Amino acid sequence: MTKPRFILDTNIFLVSLAPNYKYHWIYKGLIQGKYKLVISNEILVEYQEQITYRYGVERTEAALDFLLLLPNVILKNPSFLWQLIESDKDDNKFIDCYIAGQCDYIISNDRHIHQIKNSKFPQIAVLSYEEFEDQYKESFIS
């Protein structure tokens, strides 16, 4: 069975790192190889900035070094930039990586990313955290 490929919005990834948060099952599922995480250098830089801001430099370097060693983390840098989100151009990195990485879903609670779900071409599949939890949590923690 092919493992699903996901893009995790920065906020979803950040809250999944904290062991005492209800979102930690997402990070544990990644560590256990339950799915493939697709990231670009641009996404990685944003992860780094936000983790550093919240947790400090040492923890950030350790977390990201470990992340890149996982066999189910795919580094995919898009060669084409779609620029589909006008209202928050910074979110385009997730859309571009989703398309380049042939992902199944973007996991995000960001309203700008959810607005792109209605795009006819290219089609973008987006799940909110709640939808993601409903569809995947049980299979990730078993």
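Look up: the structure comes first, before these words.
With respect to the pairing of strand S1 (residues 5-8)
In terms of strand pairing, S1 meets strand S2 (residues 36-39) through 2 bridges, oriented parallel. In the strand pairing of S2, Arg5 is matched with Lys36. Looking at chain direction, S1 and strand S4 (residues 105-107) are connected through 3 bridges and run parallel. Opposite Ile7, over in S4, you have Ile106 as the bridge partner.

So, the packing of aromatic side chains
Applying the stated criterion across every chain, the model contains 16 aromatic pairs. Taken together, a centroid distance of 5.0 Å and an interplanar angle of 80° make the contact between Phe6 and Tyr136 edge-to-face. Here the residue Phe6 occupies a position in strand S1, and Tyr136 occupies one in helix H7 (residues 129-141), the gap between them amounting to 130 residues. An identical accessibility class is assigned to Phe6 and Tyr136; each is buried. A connected cluster of aromatic rings, assembled from ring pairs, spans Phe6, Tyr23, Trp25, Tyr35, Tyr105, Tyr129, Phe132, Tyr136 and Phe140.

Rules and cut-offs
Every residue gets a number counted from 1 within its own chain, in the order that chain's sequence is written. The model is predicted, so local features are restricted to residues of pLDDT at least 70 and side-chain atom pairs to those at 80 or more, both for listing and for counting; the totals for chains, interfaces and linings are taken over all residues. Side-chain metrics in this entry use all non-hydrogen atoms of the structure; hydrogen atoms and water are not considered. One bridge is not enough; two strands pair if DSSP finds at least two bridges between them. Each helix corresponds to a stretch of at least 4 residues labelled H or I by DSSP, and each strand to a stretch of at least 2 residues labelled E; elements are numbered beginning at the N terminus. Note on ring pairs: Phe, Tyr and Trp rings are taken, using the six-membered ring of Trp, and paired if centres are within 6.5 Å. Classes follow the plane angle, with under 30 degrees stacked, over 60 edge-to-face and the rest tilted. We call a residue buried when its accessible area falls under 20% of the maximum for its residue type, exposed when it is over 50%, and partly exposed in between, using a 1.4 Å probe and counting protein chains only.

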